[in-house]
Each structure stands twice: as structure tokens, then as C-alpha cells.
Amino acid sequence: MADDLKNDIPVGDIQLYDNYVPALDAGNWFIQVNHTLTEKGRPVNTDPLTSLQEFIVSAPQFALDPTEVISKYPPDGSSGRYGEVLPNIVLSEPLLPWERKMADTDNREPWLALLVFEDAELIGGDGNSPTHVINTNVETFLKPDDTGKLLKPSITKEDDVQISDPCTCIHIKTSLFQTITPRLKELRYLAHCRQVNTGDKAIAGLNEHGLFSVVVANRFPLTPAAGQPGATKNIVHLVSLEGLESVLVDSPNFGNFEQVALLSLASWTFQALPDNQEDFKGLMTNMLYQADGKTPFPPEHFWLRLPFTSQNENDPAQVEASKRLRDGFVPLGYHTRTGEDTFAWYRGPLTPLLTTELEKADPFFTADAAIIYHSAFGVFDFSLAGAWNIGRSAALSDKSFGQMLLDFRRGAHTLTDQLLQRLQSDFFSQSQIDKLNHDTTVQDEFLSVLNTQLIADIGSPPNPKPDLSPLQAKPPDTDPQTAVKNFMADPAVQAKVLNLVKTDLDPISQWLARLLLLYPLPFNYLVPDERMLPVESLRFFYMDNTWLGAMLDGALSIGMESSRETFFFKITRDMMHEAAYKAAKVLRSSLSGTEPQPSEVSANLMSGMLVRSAVVSGWPNLAVRPYLKSGELLKILRMDHLSPNVLLCIFWGVPDYVEISEPQEGFAFGVNEDGFIPLRNPLASGMLLLGEQFPGEPVFQIRDLTQKQKLFMRSATSRVLDLNPDSSNGLIQKLKSALEAQLRSTLSSFNPADFALQMVKSPEAVKLNSQASRTA
């Protein structure tokens, strides 16, 4: 595998690699250096000069950090039509399956395997463990079995492992071990690496290069018998096969052993159904279509707002209430300052319509200034006032932001004073005024002009002032405060000051960008009523720039103690807001370290969607791609899980359609409903694209679901693949021959990545048009 992990893969594409073998295997190592001193070719000292340095290459051996697991398929606890898929697990460490070397093999076989069990096949287990794991520690697991009936792997504990470290294991019968466990030569075809672009996924600890390791099971899940209702429980274990190499053969000699103990590094369960009620397609269908599964919901169903019905057109109050609900407002209880209980309207930053930005020269200096009163109905609208208070609360709760804002204002005021002093001074030229910068202190400026010529001129009549256009010399005012205020009112002065303080805005704009993208906001400020986003629903929205502006005003309102600071806030407001939007556009790329090259839109226009569904929890790395009609990808500003089953996406601009799909790195392996796979081009050259299905869409049958033919299973009734690469009748050799027949040429090799390409079941995807998306 190439060492260069630079990720330049287009969004939605994937690259497959056979493996990613580390330079050194996990274990204990040492470096020994010997040195001999010689003089004219003769040793001068017969005593050996030797230095020995021991070190450990650490890798998981008895347990695996749960954070190493990116995804499991089928998802943990899910139910679906999984009878034709091979479960797989995606790991964040691309080296992991090859970090430990298996004995008795010249090839680099993975030490991990993914085994699928029926509930009754696992022996024992602690308490109510759904996966029948036995909790123990390293010392107990390595201790020989007293009965002589339990085979344990022959493992040498690494020095970085403590005997008291916890681990989990499972016990199975030796006959079952022989029936379902991959042979040593088959292991390499059940693990590979994938590299994808992570720009269309939520940021949740994904590595920036998008490289993952994948371990695939060799056994299909058990499904209910034909005509039988209900679901069948399947259990999956990621196990270590280190130390069991001698029994990973066709006819192992177990001697007196009746059971085998296997280290379990990860496990989960799922239910296999005869229909597709809760697989990806089923879940998306439930969100987009009505109960019959055929009739799409109407367009208005997919906007983020409360459900409503049309009211009596002759009643102005009812018409107003309907309009408010249709526009995304929510009636909330309001206790007035005079003690009455009534209601007021509130709408958050996520709206079901594109709002017109409020044209307002000055910022909101208080929340009261943002209150809207509808005198015709006697009802308040606290949307903007709430936004202002939310921004102010967020700012007050972050001490570091307050300090950054204070430092920024102090620096700006100092610059203003220095600029005014220079314009009123006879000893500063236009070039010296232009050299003024935000990093220069008053003392530095004084020393910079304190030269011999200036000292010689002290006491002499001043020369006439040069032309300081566009910043003209200012005659001093008798009142210093008036002088500064009048000075700052000059547009040329404002432009000069703002240009000098722009770089000081960076940390502030980064903080405001997070606020602009709603990171600090509690969920009920975004969705004030649960009925706006019920369970198993998808809703689209626009971002209200007026609401966001009021929130930014609230955040920037802290610490203003004088009319001068208020005036400075007024003249810098637009610049600070623009800086926040600019920072928001690149915030995601700074967090993830990668970003696709999206299409840009000029206006500060944002939109997005909320998904509340088991599809979010079942597929944590769900891929979302917003497109324009031209096929260009829009920038994703934010994509995060607000809870295990709620996903928030914010886009820069308004997409014409959005594609939601299963993650590329977590797609499934398996066969179709008839046991076939499509044959895909395995070469990167030729008329066909790599991975493209051959003309005529040829297929290759792997499994007879009626269980009448063995085909490429270990037996006709077995659900375990026969992957023996040395057998001329095995799946590997036969699949290679089928591909060569399509290519009309000989393949030099057929490796794990090639096998993965043929066995993959392409990720399911749903495309939602901008209009159809609101109608499903």
C-alpha cells in the first residue's frame, strides 16, 4: 500500500486497497549496536562495545477501544432484510487487521475475523449479555483450562499488557468452529482498506485522510423460514484468531477439546426480517411516503413548521394565526412584565420560507429594541428579541470571548487616538501616518520619530503641514470626547481604522462563526415544538439572516460602557458580521482538515435540513450531498449529530437537490435476492471505468437460496462462503475466470480489493429534488 495518504478522492467515490501492512509487527523489539575500535586495522580493545535498546510496538491484543469502531453493518440493534448481506465492521485504524502477524504463514493474513452466530450457538455468557460475552481478565483467559476440554489460543502477552487488564471472550463448540471459521488462506479475502472523501459526513472523529480498515464476515445471517413471520436474532463477534493458526485448516485436530475460547473485541446483534421494514430503504420510504408506501407526502409536509389547517377566512385572527403557523412561528406562553399571562409568537433561525432581511442601519443595542408588537391583534413577536438574548447569553457564558472582544476594542480605540494625534501633529508626515499599524504601541511610534532631525527642529517654528489627503489634518477640539467622536464619524477615518484592525478580528470571527452555525444553541431554540420534527421525519429550512444578525448583535453588545464604544460598535457591525460569515464558510474544513471543492454562491444565503430517524443512529456516517442543477456540489457548513437520532445539516446556498446515501466506507457486501452478484470491471484502464458493470450487465451466481445447489458455499445448506484460493472450483478461482471471460484477457492476480469490488452491494441512496424534496 502506498505511504502517501493524501486524500484527493472526489466526494462519493471510493478506493479499495488489499491491505495496509505496518513497517513493524506489534510486539517486543530491540535495537542492538556493536562497535569495534581499531587502529591500522587492528582491534585496540577486545572488550565488546555494545548498546541494546528495547522498545514495544503497541497494538490491540486482548481488547479494542470502542472508539476504534466507525460503523457496523447491519447496524447494532436494527431490523431489516439482511439475509443476503455479509456483515462487516469498519475500523478507524487502517493498519489494525494486519498489526499482528499470524504464525505459520508467509503471506500477511489478518489476525481478525468477523463471525456470525445464531443465538443458540454461543455457550454461556455473563448475565443478560445479548451477545453472550464472558467478562474476564488477561490472566484468567491465558490460564490453561482445568478440565482439558476448552481450547484456548496460544498467545504470548506483550509487555505493555497487564495481566489484570479486562477482556471479553466467547465459547463455542469445536464442531461449530470448524464449520464457520475462515481457513488461514481465506482470511486475506475477508479484510481490506477503503479510502473515501469525508467531506459529506458528520465530523465525529473521522481521520482526515479518510482511510479505514474493513473486516467482512464469511457467513450470511439466518433469516426466518419461508412463510414464517417475525425476525431472527443474529449475533456478530469480531474475534482474534492469533494463536489458533494450527486449527484454521479443513480438518483440524482438536484432540480432547470440545470447546474453543475466542477473544471478542467487538460484538453486536441485529434482527433479520423477511421484509424491508427497517433497512435503509425502508426507513427512508417511511419518511418520504405515506402509509401505503406509494403516495408521496405533499410539498408542505417537508417544511420545518407546526402542522396546521386552514381557518375561517372571515375571521382575521384565525387567518393571521394560520399565516403565522405556515411561516414557521410557534405560539409560546408569555408572562408579561405587568403580571398577565398570554402568548407571544416565536420563530427560531430555521424557517420554512426565504425571509427578507431587515434593512436597518444601526445594530440592536438591547433586546427591547428587537421586540415586535402587532397592535392589530395585541400580540408580541419575540423572535428577534430572543435571538438577541441568545447571542448575549452565549457571549457572557464564555469568558475567553469577552476578553477577546475587550482586547479588540481597546486596540481599535488606541489606533483611533494615535491616528487623531498624528493628524493634529506637525511632526508626522503622510507616509508615517500610513505606516501606522495595529501592532505598534504609542511608545514605539514616539521612538520611531525621535530622530536627530526632529530633535534639531524642536523649538523651531513648525513647517507648513503637508497634504494628508485622504486623511486631512484635524484642528483640535476643545472637548476631547467631542474631538474623538467627530473624528470617528469621518468615513475616511472609519475605513482607515477598520483596515488596521481586521487581523485582530480573526479569533472573534471564529467564535462568531460557531455562533452563526448554531453550535452553542440549545435544541429547543432551533425547534421550539417537538411537533415540528416528529420521530421518523425529515424537514428542510432556510436560515433567517435577520434572526442571525440579531443574535450576533446580542453577542457583540457585551462590555459597552460609553457612547464612544456604542458608536464604534455601530461603525464596525457590518465588518464583524461579514467576518463571521466568511469564517463560517471555512469552519468545517478547519475542524475536519479536509473539504471538497464546492460551488460558491455570492450572497450570505444558507439553508439546510434536519433528520430525526433511526437512519441517523443506524448509519452514523450517513452521506449527505447538496447539489446545484449543474451537478456542482454546494459547501456543507455544518453536519453534526445533535443526538443519536437527530442530524443537522447547514448548506451555503440553496441546493436544487440533495442526495442522502449509506456511507461509502460502510456499504454492504453480499448477493441479490437470487444469490447473484454483478460482474464489474477490475481494471483501471480500458473503455470501461474501474468498477463499472460490464456491458450486458452479466451476473455471477454465488449462492442458491433454495439450498439445492452447493455453488460456492461450503455445502448446499451452509451459509458460509468457500473462499479457498487454491481450489479450482472455489469462489476465488471461478470468479477470476468469469472476469477474464468478460475482459477477454488474463488477470495477473485476484486480490482482496478485487474480491471486495465484486462482492460490494452499492450504497443505497435517495435523491431529493429541491421541490420534490419537500414533497418526497
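Now for a description of the structure that goes with this document. Model, not experiment: these values are computed from the prediction.

Reading guide: rules and limits
- Residues numbered from 1 in each chain as written.
- Predicted model: local features only at pLDDT ≥ 70, side-chain atom pairs only at ≥ 80, totals over all residues.
- Heavy atoms only, no water.
- Helix = DSSP H or I, 4+ residues; strand = E, 2+ residues; numbered from the N terminus.
- Buried < 20%, exposed > 50% of the residue type's maximum accessible area, 1.4 Å probe, protein only.
- Contact = heavy atoms within 4.5 Å.
- Areas by Shrake-Rupley, 256 points an atom, 1.4 Å probe, with all protein chains shown as cover.
- Pairing = 2+ DSSP bridges.
- Axes fitted to C-alpha atoms, helices over the stretch in contact; angles between N-to-C directions.
- 1 Å grid on protein atoms, 1.4 Å probe; cavity = no way out; pocket = protein on both sides within 12 Å on 5 of 7 lines; lining within 4 Å.
- Points joined across faces, edges and corners; volume = space filled by probe spheres on them.
- Nonpolar A, V, L, I, M, F, W, Y, C, P; charged D, E, K, R; others polar.
- Core = buried A, V, L, I, M, F, W, Y, C linked by side-chain atoms within 4.5 Å.
- Phe/Tyr/Trp six-rings, centres within 6.5 Å; stacked < 30°, edge-to-face > 60°.

What follows covers the overall build of the chain. When its secondary structure is counted, the chain shows 18 helices and 33 strands. Every one of the 776 residues in the chain was classed for burial, and the buried ones make up 50%. Residue pairs in contact within the chain that sit at least 24 positions apart in sequence constitute 75% of those at least 6 positions apart. A total accessible area of about 36,500 Å² is found for the chain, and carbon and sulfur atoms account for 50% of it.

This paragraph deals with the pairing of strand β14 (residues 191-196). Most of β14 is tucked away, with six of its six residues classed as buried. Sheet topology note: the strand β1 (residues 14-17)/β14 ladder contains four bridges and is antiparallel. Across the sheet, the residue bridging to Y17 is C193, located in β14. One ladder, built from five bridges, connects β14 with strand β15 (residues 211-216); its direction is antiparallel. Counted as the bridge partner of H192 is V214 from β15.

In this section: the sheet that holds β15. If you walk across this open sheet you meet the five strands as β1-β14-β15-β9-β6, and the pairing is antiparallel. Single-partner strands in this sheet number two, and they are β1 and β6 (69-73). The sheet shows a mean angle of 25° between the axes of neighbouring strands, taken without regard to direction. Packing of helix α18 (residues 752-759) onto the sheet brings it into contact with β1 and β14, and relative to β1 it is tilted by some 135°.

Here the focus is empty space enclosed by the protein. Overall, the coordinates contain five cavities of 30 Å³ or more when judged by the stated rule. Each pocket or cavity is described by its volume, and for the second largest cavity that value is around 70 Å³. The wall of the second largest cavity is formed by 13 residues, among which Y189, L190, V216, F669 and F755 lie closest to the centre. In terms of residues, the lining of the second largest cavity owes the most to one element, α18, which gives four residues. Considering only residue class, the lining of the second largest cavity consists of 12 nonpolar, one polar and no charged.

Spatial ordering of the open sheet is given by β8-β29-β32, a layout of three strands whose pairing is antiparallel. The sheet is open, and its two borders are formed by β8 (85-86) and β32 (760-761), each paired with just one other strand.

Secondary-structure assignment places I14 in strand β1. Overall, the relative accessible area of 28% leaves I14 in the partly exposed class. Through-space distance from the C-alpha of I14 to that of G210 is 9.6 Å; in sequence the pair is 196 residues apart.

In this structure, the amide linkage connecting Y73 to the following residue, P74, adopts the cis form with an omega of -5°. Within the fold, P74 resides in the loop between β6 and β7 (79-80). With phi around 60°, H132 is a residue other than glycine that occupies positive phi space. One can find H132 in the loop between β10 (112-118) and β11 (134-137). With a phi angle near 50°, L711 is a residue other than glycine that sits in the positive phi range. Tracing the backbone through its elements, the reader meets L711 in the loop between β31 (699-701) and α17 (731-743).

Soluble, globular proteins show a tendency: their nonpolar side chains are buried together. Counting 72 residues, the largest nonpolar core has L262, M609 and V615 as the members making the most contacts within it. Not counting chain neighbours up to four residues away, the residues in contact with L262 comprise L115, F141, T168, C169, I170, I172, F177, V239, S240, L241 and L244. Counting 69 residues, the second-largest nonpolar core is a separate cluster that includes L516, V527, A555 and F568.

Residue placement: T232 occurs in strand β16 (residues 232-240). Classification of T232 by relative accessible area gives buried; the value is 15%.

Turning next to the packing of aromatic side chains. In this structure the tally under the stated criterion is 17 aromatic pairs. On the basis of an interplanar angle of 90° and a centroid distance of 5.5 Å, the ring pair of Y82 and F270 is categorised as edge-to-face. Taken as a pair, Y82 in the loop between β7 and β8 and F270 in strand β17 (residues 259-272) lie far apart in primary sequence, 188 residues in all. The pair Y82 / F270 is uniform in exposure class, with both members buried. Taking 6.5 Å as the distance between ring centres and 75° as the angle between the ring planes, the aromatic pair formed by F329 and W345 counts as edge-to-face. Linking F329 in the loop between α4 (316-326) and β18 (330-335) with W345 in strand β19 (residues 341-346), this pair joins segments that are 16 residues apart in sequence.

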